[in-house]
Amino acid sequence: MSAITQTDAPQPVVKRGKQAANSLLRVLKYSLVRLASLLFSVVVAIFLTILIASMGGKVDEMRMGEIRENVVQLVRSNRANRDLPPEQFQKLVDDLVFQEAHVQGLDQPLMLRAVRYMRKALTLDLGNALRMTSDSGSKQVRIIILERLPPTLLLWGVSGLFLFFAEISVALSISRKYGTWVDKFFVGMAPFSTSPGWFFGIFLILIFASWLRVLPFGGMVDAPIPKTPMGYSLSLAKHMILPTMSLVLTSFFLQVYQWRTFFLIYSSEEYVDIAKAKGLSARAIERDYVLRPTLPNIITGFALTLIALWLGGPITETIFNWPGLGRAFYEAVQFYDTPVILGQTVIYAYMLAFTVFLLDYIYALVDPRVKVGQGGSA
Amino acid sequence: MKEIQNSFRELLRYPTAVASMAMIFMAVLLSAYTMTTTPYDEALRLWRGSEEDWYQYPKQAAPAWFNNFTDRKQPISFFLNSADIESASGGVVTKTIETRQDGAQKIAITYEFEYLYDDFPQDLILYTTTKDTVKKPLVGVVWVTPDGRKVNMASYSVTQRDVYRVAQDDKLARILRAENPIEGLFADPASESPLPLKGTYQMVVTSTVYESEASLDAELVLHGTRYGIAGTDHKRRDLSIALLWGMPIALAFGLLAALGTTVTTLVIAAIGTWYGGWVDDLIQRLTEINAVLPFFPILIMIGTFFSRSIWLILGATILLNIFGLGIKNFRAIFLQIKEAPYIEAARSYGASDGRIIIRYLTPRVIPMLIPQLVTLVPGYVFLEAGLAVLGLGDPFMPTWGKVIDDARTNGALFEGLYYWILEPAALLLVTGLAFALLGFALDRVFNPKLREM
């Protein structure tokens, strides 16, 4: 599938204009095929998600039950209906339920409904939540998701991005100090990072919140929300310490170890030895001979860090009672709130597909050996 | 075979690998011990936590060995049953029966125990059971303190099975002029602040059953705040059951998930590269679809909507990882191997596709597979625990994740019941670490590029 092919053979320099047109056509054709195949994947993935998230139609059955309950109450509360004979009462209820079901499209077969849900999801017409409401009282899925986005961006975004760059720079610097105690320390600590963030979170809460009582158990700000912006940010910072620490503990050492090993492998290439022999400075070697060839991997890592944001961390956010997107997804599932589940999944799917699409071009930009679409889909 | 032997010898050069293999070996031994001593069905039944199974145990008691590390000794739970005098521990029971001429039996049951703790127990409960009685016997309970004071605690008539909970006896509290009858019974009269009097206590239960073939037995249960080697939870369950049974479950889940995902991925990648064409295309598409599906959120949905059964979650985990990113790595290697001369030789003598895939293609990737398999195990072990922490753990199985979840949702962190969280967490950590260390070492042995690094 990888469209990346390496062309080492030098191209003849003649007929440049025609070649440029050709390669433009090739890139265009490749892009269209790639877009189509990615879109196909997104459609299938979303369809599967709809089938799971609607429990194969059970959620709609629950909604029908709710509609009937509401209609019965509505009809009962109307004084004019008090003296209706039971059959007429039942008929009135059935008619109203049918109308309401028709309006909501629940009278269609499951597959048709699924296709309708999918069309809406794919066009990002996220609609209204079934049960969840945003803190501002809105039922719109878009608003519910947008409301949960800032806490996630704050925690996972800030610490995730910071960690990403810290990991790479630390890894680069210890790859130079191969075999020293700093290097050995990171190698030794790496296996500890196989435990997930929530696991460290529990330990951190136990030590700093429960035992030492210096940091809060969870949440985002103190209970009476501080009035001044200064007080608010301080309270926020205090609540962010433990979740951030748990994130650092679970990723930092392992990532540093992996990047360091990666850089070490690249620094043992012959062209690096030649560069050293030429007498280039350590900085120049690092920049042009180690970082440059590993740039595609670094960019992939960065892109995946960004996408992972969208799912947040359901367990870590639960442990720390952090009102982020991961927690929102978990709550949506608990409420059987299919629209919210779908909304979050479809955006994730789009983001991932788009990033995968974009990465091919970025590889071609940063690595002269890579050409977009050459060799077709292998 | 020789290759594997060499690799193993190579592996023994790493102290961490030896240590981690020892740890995994211990874990397997412990699992085998657990599975033979407490059968699966028995463990599940006990973990359901019915009152009959656990009435003798205190609520949320820390392990007994905590007393070795604290200045203030907390009372350790015990129970003494007159029907089972030999196995009584924590004290002594004696039962005397005097048969009168009319066939009636005068029964006296004496419990004698040392109480050398610095705190009061949670509760003191007397369970009486009678058999074949026609006329209801009357039971009298007398308390004798170490300094010789006698308290008539209660007298009541009993039927087949009766429970006398001392902590709820308000009348006794008034007699003892204490807020709490337990404190009243154990308090040192000489001390200003309520402190238990240390020494040997006695409880004497006397009764007369009027029929010659009838019997009466009584069990004294003292609910302390310490119990056993692992302590107990909010449902009085002995945590050692979940801690012990959590081991085979975690190992089974982690190993099966890792094995299931890597082996299937390997075979599928081999099939895709071997046949090429539409088969390969289909596999590529499925991989792409799988990448777009968010794995953990789907597990959350399956756990909530369909079933929390650990085996269903295991199946879903394997299914959602078959077409994972691992396929790409294997594929790259298979594309190279496919062109190797020995494959061509196999083809020329007419080996079938299946034979080539199973016998010639896949074995070449095993050096890559083994470290990957072992490295994946901790992730799956923690995955199962993580689902449990979200409240999506298997409803019947005693697992480490469920213990952590129970502890968290019942305020173990707020109330400082750290043993409850730390015990399963330590086991998770050690198990995860053992596999991670072994995986790291294997990676170095099988991946020559890493060997020097």
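Quick caveat: nothing in here was measured; it's all calculated off a predicted structure.

1. Some details on the sheet that holds strand β1 (residues 78-81) of chain B
Residues and elements named next belong to chain B. The strand order across the open sheet built from 4 strands is β1-β9-β4-β7, with neighbouring strands paired in antiparallel fashion. Strands at the two margins of the open sheet, each flanked by one partner only, are β1 and β7 (161-165). Within this sheet the neighbouring strands show an average axis-to-axis angle of 15°, counted without direction. Relative to strand β9 (residues 215-223), strand β4 (residues 123-131) runs antiparallel, the two being bridged by 9 bridges. Bridging across to β9, I125 finds its partner in V221.

2. Quick look at the interface of chain A and chain B
Across the boundary between the two partners, chain A contributes 41 residues, which contact 39 residues of chain B. Of all elements in the fold, only α1 (16-53), α7 (197-211), α8 (229-267), α11 (314-319), α12 (325-334) and α13 (338-366) of chain A reach the threshold of two or more residues within the side of chain A that touches chain B. With 8 residues, α1 of chain A is the single largest residue contributor to the side of chain A that touches chain B. Per-class residue counts for the side of chain A that touches chain B are 32 nonpolar, 9 polar and no charged.

3. Comments concerning the sheet that holds strand β5 (residues 138-144) of chain B
Residues and elements named next belong to chain B. The strand order β2-β3-β8-β5-β6 describes an open sheet built from 5 strands, whose pairing is antiparallel. If you trace the sheet from one side to the other, it starts and ends with β2 (92-99) and β6 (150-157), each paired once. The average undirected angle you get between the axes of adjacent strands in this sheet is 15°. Here β5 runs beside strand β8 (residues 199-209); their pairing, made up of 6 bridges, is antiparallel. Directly across from V142, in β8, lies its bridge partner V204.

4. Focus on the pairing of β4 of chain B
Residue and element names in this part refer to chain B. Alternating positions in β4 separate cleanly, L124, L126, T128 and T130 being buried on one face and D123, I125, Y127, T129 and K131 remaining unburied on the opposite face. In terms of strand pairing, β4 meets β7 through 5 bridges, oriented antiparallel. Each bridged residue has a counterpart across the sheet, and for L126 the counterpart in β7 is Y164.

5. A short note on the packing of helix α7 (residues 239-275) of chain B against helix α13 (residues 353-361) of chain B
Residue and element names in this part refer to chain B. Following both chains from N to C, one finds α7 and α13 inclined at 125°, their axes separated by 10 Å at the closest point. As summarised for this structure, α7 and α13 are arranged oblique, according to the angle between their axes. Considering how the two elements wind past one another, α7 and α13 form a crossing that is right-handed. Contacts from A270, I271 and W274 in α7 reach D353, I356, I357 and L361 in α13.

About the criteria used
- Residues numbered from 1 in each chain as written.
- Chains lettered and ligands numbered in written order.
- Predicted model: local features only at pLDDT ≥ 70, side-chain atom pairs only at ≥ 80, totals over all residues.
- Pairing = 2+ DSSP bridges.
- Helix = DSSP H or I, 4+ residues; strand = E, 2+ residues; numbered from the N terminus.
- Axes fitted to C-alpha atoms, helices over the stretch in contact; angles between N-to-C directions.
- Contact = placed C-beta atoms within 7 Å.
- Nonpolar A, V, L, I, M, F, W, Y, C, P; charged D, E, K, R; others polar.
- Buried ≥ 20, exposed ≤ 12 C-beta atoms within 10 Å, placed from the backbone.
- Parallel < 35°, antiparallel > 145°, perpendicular 65-115°, else oblique.
- Left-handed = near helix turned anticlockwise from the far one by under 90°.

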